[in-house]
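If you want the building blocks of each chain, they are given just below.
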Amino acid sequence: MKKIIRFTLVTLVILLSLSLFGCAAIERLFLGGDDYQFSDIVLTQTDVNEFRIEFTANVGRENVQVYFTEGFRRSESVKPKEVEKKAVDAKNARFSFTGSFNLGEDYYLWLVNGDKEAKTSVTIPSMFPTISVSEDGAATFNFNYTYGTSWGSFCDPTGKAVFKSTKPVFDESAVLVAEGIDITEEHCALGTNGLDSYFYSVSTAKEGQMKIISRPVQIYDYLKDEINGISANLTSDLFLEVKVNINESSEITEIIRDELGLLIKSDIADEIYLSDATYSDGVATMRVDLRNLIYDGLWYDVLLTLRGAVVMDIPKVFNGAQVQGLSTVKKDGIVYYITSWGPEGAPESAAMIKVYFEEDTTRFADEICKSYLVSFTTDPVPTLKVTIKLKDSVSKAPVLAITAGDKNKLTSCEGVVNADGTISYSLAVGEAMTVAGNWYDLRFFIDNTAYEMLKDSCIGYADFAAKYNDDNNARVYEFKEWNGFLKLNYTSVFAGE
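Report follows, based on the coordinates. Everything numeric in this text was worked out from a predicted model, so none of it was measured.

Let us look at the sheet that holds strand β20 (residues 278–280). Read across the open sheet, the four strands follow the order β16-β17-β21-β20; overall the sheet is antiparallel. Only two strands of the sheet have a single partner each, and these edge strands are β16 (227–234) and β20. Each neighbouring strand pair of the sheet contributes to a mean axis angle of 20°, computed without reference to strand direction. In the sheet, β16 pairs with strand β17 (residues 239–246) via seven bridges, with the strands oriented antiparallel. Residue pairing across strands places serine 231 opposite lysine 243, the latter belonging to β17.

By the criterion of burial, strand β18 (residues 260–265) is predominantly enclosed, with six of the six residues buried. The two faces of β18 match: Leu260, Leu262 and Ile264 on one face and Gly261, Leu263 and Lys265 on the other face are all buried. As paired elements, β18 and strand β22 (residues 300–306) share six bridges and run antiparallel to each other. Across the sheet, glycine 261 pairs through a bridge with threonine 305, a residue of β22. Here β18 pairs with strand β19 (residues 271–276) via five bridges, running antiparallel. Bridge pairing in β19 links leucine 262 to serine 275. Two successive antiparallel strands, β18 and β19, enclose a turn made up of five residues, where alanine 269 displays a positive phi of approximately 60°.

On to the nonpolar core, then. Ranked by size, the top nonpolar core spans 91 residues in total, and within it Phe55, Leu111, Leu240 and Ile264 carry the most contacts. Element by element, the count of residues in this core is highest for β22, at five residues. Ranked by size, the runner-up nonpolar core spans 41 residues in total, among them Val335, Ile368, Tyr440 and Phe444.

A separate point is the sheet that holds strand β15 (residues 210–213). Strand order across the open sheet formed by eight strands is β5-β6-β3-β2-β15-β14-β11-β12, with mixed pairing between neighbours. The sheet terminates laterally at β5 (84–87) and β12 (175–181), the two strands that pair on one side only. This sheet shows a mean twist of 15° between the axes of neighbouring strands, independent of strand direction.

With the rule as written, the count across this model stands at 23 salt bridges. The salt bridge partner of glutamate 84 is arginine 52, with a shortest N-O separation of 3.3 Å. Of this pair, glutamate 84 sits in strand β5 while arginine 52 sits in strand β3 (residues 50–57); the two residues are 32 residues apart in sequence, bridging distant segments of the chain. The partly exposed category is assigned to glutamate 84, whose relative accessible area is 43%. Lysine 330 is the salt-bridge partner of glutamate 367, the closest N and O atoms lying 2.7 Å from each other. In this pair, glutamate 367 is assigned in the loop between β29 (363–364) and β30 (369–377) and lysine 330 in strand β26 (residues 328–331), connecting sequence segments 37 residues apart.

Thresholds applied
Residues numbered from 1 in each chain as written. Predicted model: local features only at pLDDT ≥ 70, side-chain atom pairs only at ≥ 80, totals over all residues. Heavy atoms only, no water. Pairing = 2+ DSSP bridges. Helix = DSSP H or I, 4+ residues; strand = E, 2+ residues; numbered from the N terminus. Axes fitted to C-alpha atoms, helices over the stretch in contact; angles between N-to-C directions. Buried < 20%, exposed > 50% of the residue type's maximum accessible area, 1.4 Å probe, protein only. Core = buried A, V, L, I, M, F, W, Y, C linked by side-chain atoms within 4.5 Å. Salt bridge = Lys/Arg side-chain N within 4 Å of Asp/Glu carboxyl O.

Function cannot be inferred from these measures alone, as they are strictly geometric.
Take a look at the structure:
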């Protein structure tokens, strides 16, 4: 199942309303109106973007209709919500409904009965709470409110709290861990005791009139022990396909199978794409259609969820194995990529994968070659070796060259046609590569058109992973990969070069 959220933050209408109508209007806007009053509003997160909304109103036994709109005005085309209604007493009733909403977006909750009506604003929270554990076993609750959204619209200045429970559903048995936490405080220390519990972010908004309860969050390090492997590939039909191999002998296999999901989101979570897992033979498969992504060039986060709570970013390396498979797909003038990001200076194991797309401004060697094979040697001099088989539709043999970001050929050579129709290239690169650590481009050129070499198409793992020692010049050459493109660099054995 796939769910999509796209939204733009709306605050101007609220600000204009407050300035135009004054303090009395503010009271009516946030608590109801002259006809009805809202109280005890509770938003309980049931999935990443799903919430159960409950509230009490002084409607007595009147047959009111409930609306939930994205706009400040309610058009006639908007249908009333299907709600559960229970009498509290002679004057008040308790209402509830569940739905999928845009995170960080302003909505309006309405009560309508003929000419009588009232409304109050409700902002759907944008938060992805997690728990992290330090080396000494101390745990920290991370609220993870989304940057770029107005936290103050769904949290009072000191409205944050953390509860813990033995249950994966929040109820009156939950125990308070900390309260009165400042809105700007991003973390809450949990210590080392009771860490097998479920933890909840519970915040207040609208000066205590509204309560927001998150999905249950646990320490999910145990989940990694139940996963045997992760792979992430782009498919020819432009889906990101993530496969998770699960330890079927585990006691929690059923939970993982039923509750595991994939989340792709923009940095400020104004776009969210979700996929439930399909499970077969110990493998959970999740797929998200990347053609729905909106922002060209934006790197989207890729995460695993369990019970609707974030478990972890999909890592670049899991259990020592590369997660990323096919990482570049081009179709209809758009190129889709799997890439990776990690903190500067951190090891590769700390990197996490991202996905993005951009308009096609490059050409791939696969467009002109039926096949091409790349290797490298330092005997007798550092030399790039390439053998290609051109497609029948290509009449002109390309030039092999290395560049440094632009199309300026630092060195290049023509190919030699072999008896079997293949073309062989031998390009000495040592003198052209002058900057240690720089990743040099490996490209074919036909006239002024450059064709990128795709790592997955042209080199075996052993050749790609090898280190090529040039003892004569005290250099070590290595192949690299960037966005699926094959690169070449060298490092010096002399410190400080």
